[in-house]
Amino acid sequence: MPAMKLYPLFADLSRRAVLVVGGGAVAERKAAALLAAGAQVTVGAPELTPQLQRWARQGRIAHRAGEFAPGWLDYVWLVVAATADRALNARVAELAGLQRIFVNVVDDAELSSFQVPAVIDRAPLVVAISSGGAAPMLARLVRERLETLLDHSLGPLATLAARLRKRIRRRHPDLAARRRFYTALFDGPVAALLRSGQPKQAAEAAEQALLVAPAAATGSVVLVGAGPGDPGLLTLRGLRALNEADVILHDRLVSAEVLELARRDAERIEVGKQAGKHHATQDEIHALLLEHAKAGRRVVRLKGGDPFVFGRGGEELEFLREHGIPYEVVPGVTAALACAAHAGVPLTHRDHAQSVRFVTAHCRDSLDTLDWRALAQERQTLAVYMGVAGLDSLRERLLAHGRAASTPFALVENGTRANQRVVTGTLANLPERAAAHAVHSPALLILGEVAALADRLAWFGAAPLGGAVAAVRQLKRPLPPQEAAIPLRRLA
Ligand code: SAH
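In this text the structure is predicted, and so the values were computed from the model without any measurement.

Undergrad: Just give me the short version of the UniProt feature "modified residue: Phosphoserine" (unreviewed entry) in the protein, but keep the residues and values in it.
TA: Residues given the UniProt feature "modified residue: Phosphoserine" (unreviewed entry) here are Ser-131. Along the chain, Ser-131 turns up in the loop between strand E7 (125-129) and helix H4 (136-149). Take Ser-131: its relative accessible area is 25%, and that puts it in the partly exposed class.

What follows is the structure in structure tokens.
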């Protein structure tokens, strides 16, 4: 038994005759794929699906009516047997074999002399996967994984490279130099421009790169939102940036599980700030970004949640722009969205809240600058970041500006993580409840009518640490219908 059971090859079928035996849904799928590759498709079957009939009428495929006859195999390069009749499929396969025509019997590796791989299509770039018929489901799983890793801009990138290929060869006759050029083309600003949907600029940048003398590598910075902690909530683009990074400057808030996903040999530097404790100052972070980018490295600046929500992402971009360092931004799931979802609190609700505000309250000064009259309005949700320290003054000011003492809250600690805790209550007892449960940073406060739903809609991790309603939930029986219809106010 050879090590590789199948020899991979890509067949050029354009204008070549291919026979599909069978006229059902499977045959239709096979015919569609063959047509997409430019093949001259003949479908042989007594009856065709409506789509196959249409294609036959339009002349896109030829139709051989009636039962299979050996003559159908004349002059064809490939055969696909896609009938539901195993004996017929076997006969087609046998006759094709006698004529040395490659045959694929759908879902029958044994009868097939070629198999059709699972495909990731970034045309002209195509990745094909086969398990040699051993485990098609595994091949499919691998395909799904790769699908998420390969950006859709790879197609246009390959097209661009094909267009410039001859000129690149002329400009860089030396193989090593050419390789460096391609690496820069596929990994650098040109690829980044394509990813950010700027094909014209990408083509220009590629032309430019061909003109200038081979220069030292230029570094770049990608500002990446790491999400709230659960690595499942990192974006695919963020994951890709982590895979390509030479250096990762991350905040303390970024979870270990997310950092795990980064390229193994990437240098990791924690620059996080924790209220009170000194880590790197913002200026020191800027200096680090500059130093590594200037040295030609691909730097990922990894921040908890979203980089543009209380993340000082804007300042970092201003700085990079001033110093001419190319940058990209990858958004992340911000704590308010993640904590709300994982506490079962819809931030807006047709009946209870028409708007939501993201506010931060990490010190007295920041509390003083907020518009409390607006914040105290009913039927809106407040998502308060960095709020654990200022809960007393928060309550005081909201009450003073007219927010009802009965307004429910849900305080989410370590949202989305295995140790997530949710403490519920009302504005009247907010600081006391937080203290009673020793809630620590990172915690996000959701305050508003919708917060009452936490006791009922919670689904993730430990049950909310609430009042009477949580006790009902702990009885582990569904709420009786009349109770389920109680207005939120009363639940609070
Ligand atoms: N850029 C981040 C916010 C940074 S400010 C984002 O978009 O989420 C830091 C504050 O975010 C914390 O003090 C806390 O209020 C909130 N936070 C971040 N991650 C959190 C988590 N997993 N659970 C609860 N709160 C979180």
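Undergrad: Describe the side chain of Thr-407, and please don't skip the residues or the numbers.
TA: Note on placement: Thr-407 falls in the loop between helix H16 (391-400) and strand E15 (408-413). Here the side chain of Thr-407 touches Ala-404 through a polar contact of 2.6 Å, landing on its backbone oxygen. Those residues in contact with Thr-407 that sit more than four places away from it in its chain are Gly-425, Thr-426, Leu-427, Leu-447, Gly-448 and Glu-449.

Undergrad: Account for the UniProt feature "binding site: NAD(+)" (unreviewed entry) in the protein, naming residues and giving values.
TA: This chain's UniProt record puts "binding site: NAD(+)" (unreviewed entry) on Ala-25, Val-26, Pro-46 and Glu-47. With respect to the helices and strands, Val-26 occurs in helix H1 (residues 25-36). Filtering out sequence-adjacent residues up to four positions away, Val-26 remains in contact with Ala-82 and Val-106. Take Glu-47: it is sitting in the loop between strand E2 (40-44) and helix H2 (50-57). The exposure class assigned to Glu-47 is exposed, which follows from its relative accessible area of 66%.

Undergrad: Talk me through the site of the ligand; I want residue IDs and the actual numbers.
TA: Close contacts around the ligand come from 19 residues, with Asp-306, Val-309, Thr-334, Gly-415 and Ala-443 the closest. Contacts to the ligand include Asp-306, whose backbone N or O atom sits 2.8 Å from an oxygen atom. One of the backbone nitrogen or oxygen atoms of Met-386 is found 2.8 Å away from an oxygen atom of the ligand. Surface burial for the ligand is 93%, taken as the share of its 540 Å² of free accessible area covered by protein chains.

Undergrad: I'd like a description of the nonpolar core, backed by residues and values.
TA: If you look at the biggest cluster of nonpolar residues, it comprises 21 residues, and the most contacted ones within it are Leu-398, Leu-411, Leu-430, Leu-445 and Leu-447. Counting residues per element, the ones that place at least two in this core are helix H15 (372-375), strand E14 (380-385), H16, E15, helix H17 (430-436) and strand E17 (443-447). Residues in contact with Leu-447, not counting those within four places in the same chain, are Gln-380, Thr-381, Leu-382, Leu-398, Arg-403, Thr-407, Pro-408, Phe-409, Leu-427 and Leu-430. Judged by nonpolar contacts, the second largest core, of 20 residues, contains Leu-13, Leu-34, Leu-48 and Leu-52.

Undergrad: Explain the sheet that holds strand E3 (residues 62-64) residue by residue, including any values.
TA: In space, the five strands of this open sheet follow the order E3-E2-E1-E4-E5, with parallel pairing throughout. Either end of the sheet is taken by a strand with one partner, and the two such strands are E3 and strand E5 (102-105). Strand-to-strand, the axes of this sheet are offset by a mean angle of 20 degrees, without reference to chain direction. Along the sheet face, H1 touches strand E1 (17-21), E2 and strand E4 (78-81) and points at about 165 degrees away from the line of E2.

Undergrad: Lay out a nonpolar patch on the surface in plain terms, naming residues and giving numbers.
TA: Taken together, Phe-310, Leu-337, Val-356, Phe-358 and Met-386 make up a surface patch of nonpolar side chains, about 410 Å² in accessible area. Along the polypeptide, Phe-358 turns up in strand E13 (residues 355-360).

Undergrad: Which residues make up helix H8 (residues 199-211), and what are the values?
TA: Between its terminal C-alpha atoms H8 stretches 19 Å, which fits the 18 Å expected from 13 residues at 1.5 Å a residue. For H8, the full list of buried residues reads Ala-202, Ala-203, Ala-206 and Leu-210. The arc enclosing the buried residues of H8, seen along the axis, measures out at 100 degrees, which places them on a common side. Facing away from the buried side of H8, by more than 90 degrees, are the exposed residues Lys-200 and Leu-211.

Undergrad: Describe in detail the sheet that holds E17, supporting the description with residues and values.
TA: Strand order in the open sheet made by the five strands is E13-E14-E17-E15-E16, with mixed pairing throughout. Both edges of this open sheet fall to E13 and strand E16 (421-426), since each of them pairs with a single strand only. Strand-to-strand twist across the sheet, computed as the mean angle between neighbouring axes with direction ignored, equals 20 degrees. Here E14 pairs with E17 via three bridges, running antiparallel.

Undergrad: Describe the environment of Thr-416, with residues and values.
TA: Tracing the chain through its elements places Thr-416 in the loop between E15 and E16. Thr-416 gets classed as buried once you look at its relative accessible area, which sits at 4%. Separated by 399 residues in sequence, Thr-416 and Ala-17 place their C-alpha atoms 55 Å apart. In this view, Thr-416 contacts Pro-228, Gly-229, Asp-230, Leu-233, Ala-338, His-342 and Phe-460; residues no more than four positions away in its chain are not counted.

Undergrad: Summarise the pattern of salt bridges; cite the residues concerned and give the values.
TA: Going through the model one piece at a time under the given rule, you end up with 18 salt bridges. In this structure, the salt-bridge partner of Asp-246 is Arg-263, at a minimum N-O distance of 3.5 Å. In this pair, Asp-246 sits in the loop between helix H9 (236-244) and strand E9 (247-250) while Arg-263 sits in the loop between helix H10 (256-260) and strand E10 (267-270), placing the two residues 17 residues apart along the sequence. Two residues, Arg-395 and Glu-432, come together in a salt bridge whose shortest N-O distance is 2.8 Å. Placement of the pair is Arg-395 in helix H16 and Glu-432 in helix H17, with a sequence separation of 37 residues. On the basis of relative accessible area, Glu-432 is assigned to the partly exposed category, the value being 43%. Three or more residues are tied together by salt bridges with common partners; here these are Asp-187, Asp-246, Arg-263 and Arg-298.

About the criteria used
Within each chain, residue numbers correspond to sequence positions counted from 1 in written order. This being a predicted model, a pLDDT of at least 70 is required before a residue's local features are given, and a value of 80 or more before pairs of side-chain atoms are given or counted; all residues contribute to the totals for chains, interfaces and linings. The side-chain figures draw on all heavy atoms in the structure; neither hydrogens nor water molecules are used. UniProt positions are given in the numbering used here, feature names are shortened, and annotations may be inferred rather than shown by experiment. To qualify as a helix, a DSSP run of H or I must reach at least 4 residues; to qualify as a strand, a run of E must reach at least 2; elements of each kind are numbered from the N terminus. Here's how the labels work: a residue is buried when its accessible area is under 20% of the maximum for its type, exposed when over 50%, partly exposed in between, all with a 1.4 Å probe on protein chains only. Each polar contact in these results corresponds to two N or O atoms within 3.5 Å; when the atoms are within protein, one needs to be able to donate a hydrogen and the other to accept it, and residues that are neighboring in sequence are counted only if both atoms are side-chain atoms. The contact definition used throughout considers only heavy atoms, calling two residues in contact when any of these lie within 4.5 Å. The rule for a residue being near a molecule or strand is that one of its heavy atoms must lie within 4 Å of it. Each accessible area is a Shrake-Rupley result for a 1.4 Å probe, and residues are judged covered by the shown protein chains and nothing else. Only buried residues count toward a nonpolar core, which is a set of Ala, Val, Leu, Ile, Met, Phe, Trp, Tyr and Cys residues joined through side-chain atoms within 4.5 Å. Here a strand pair is declared whenever DSSP counts at least two bridges between the two strands. The convention used is that axes are lines fitted to C-alpha atoms, helices contributing only their stretch in contact, and that angles between N-to-C directions extend from 0 to 180 degrees. A residue counts toward a patch only above 30% relative accessible area and without a salt bridge, and it is joined to like-charged neighbours within 9 Å or, for Val, Leu, Ile, Met, Phe, Trp and Tyr, to nonpolar neighbours within 5 Å. Basic side-chain nitrogens of Lys or Arg form a salt bridge, by our definition, when they fall within 4 Å of a carboxyl oxygen of Asp or Glu. The span you would expect from a helix comes to 1.5 Å times its residue count less one. Each C-beta atom gives one direction from the helix axis, and the arc is the one those directions make.

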